[in-house]
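Listed below are the residues making up each chain.
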Amino acid sequence: MIPVDPDSLVVDGDRMAARAVEDGRDLSGPLKDAEEELPTVVFSRAKGPNIGDNFDYAVQNGAPTTLNRVTDRSIKRANRADALNEHPPPPPGMSLDEYPFASTEQGGAGAFVRPVPEAEQHYQGGTLSSFYREHNIGTGDPFKVKFDP
């Protein structure tokens, strides 16, 4: 199981509360309500069955479904290198998929990695990039990850 730093939960809660105040939302409800309001990136299992399997395996083994974005390129590169460090190069036509994503605070060492078809990796990357833009997800901002049929 991936260890969780209790202090990071407070920071995430503080970020969510600050964003809620900026957006003019009522903070009188429980934290669960704030969690439900988080933007959610939804991937299609039909378009990415192998990345969906990696996600399922990761979550079943303790990976979180709520992540925080990282925008600093050097941190993303370091996360990716740490995640892929002990994995051999994928076969031709395949790419190494990691969850949690390298573009998140939770990514890096300890990420769940497996080879997937390059087309699925391109689908996932495009979907995630569009999601970040459309929902204005910035550094440290929390969001949820989900796979649908």
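Structure shown above.
Quick caveat: nothing in here was measured; it's all calculated off a predicted structure.

Colleague: Give a description of the side chain of Asn54 that names residues and reports values.
Modeller: Mapped onto the fold, Asn54 is located in helix α3 (residues 49-60). In this structure Asn54 comes out as buried when scored by relative accessible area, which is 1%. In contact with Asn54, other than residues within four places in its own chain, are Asp97, Glu98, Tyr99, Phe112, Val113 and Arg114.

Colleague: Residues and numbers for unusual backbone geometry, please.
Modeller: Here the bond from Tyr99 into Pro100 is cis, since omega is 0°, no more than 30 degrees from zero. Relative to the helices and strands, Pro100 resides in the loop between β3 (94-99) and β4 (112-117). Of note, the phi angle at Asn136 is positive, near 50°, even though the residue is not glycine. Here Asn136 is to be found in the loop between α5 (118-134) and β5 (142-148). Residue classification places Asn136 among the exposed residues on the basis of a relative accessible area of 58%.

Colleague: Describe α5, and please don't skip the residues or the numbers.
Modeller: Every α-helical turn comprises 3.6 residues, leaving residues that sit three or four positions apart pointing alike. With 17 residues, α5 ought to run about 24 Å at 1.5 Å a step, and its terminal C-alpha atoms sit 24 Å apart, in line with that. Glu120, Gln121, Tyr123, Gln124, Leu128, Phe131 and Tyr132 are the residues of α5 that are buried. Down the axis of α5, the buried side of the element spans an arc of 160°, and every buried residue falls inside it. Residues of α5 that are exposed and point over 90 degrees away from its buried face: Ala119, His122, Arg133 and Glu134. Its buried side turned inward, α5 meets β1 (40-44), α3, β3, β4 and β5.

Colleague: Just give me the short version of the pairing of β3, but keep the residues and values in it.
Modeller: Burial within β3 is extensive, with five of its six residues counted as buried. Pairing of β3 with β4, which is carried by six bridges, proceeds in the antiparallel orientation. Along β4, the bridge assignment pairs Ser95 with Val116.

Parameters at a glance
- Residues numbered from 1 in each chain as written.
- Predicted model: local features only at pLDDT ≥ 70, side-chain atom pairs only at ≥ 80, totals over all residues.
- Heavy atoms only, no water.
- Helix = DSSP H or I, 4+ residues; strand = E, 2+ residues; numbered from the N terminus.
- Buried < 20%, exposed > 50% of the residue type's maximum accessible area, 1.4 Å probe, protein only.
- Contact = heavy atoms within 4.5 Å.
- Expected span 1.5 Å × (residues − 1).
- Arc of directions from axis to C-beta.
- Pairing = 2+ DSSP bridges.

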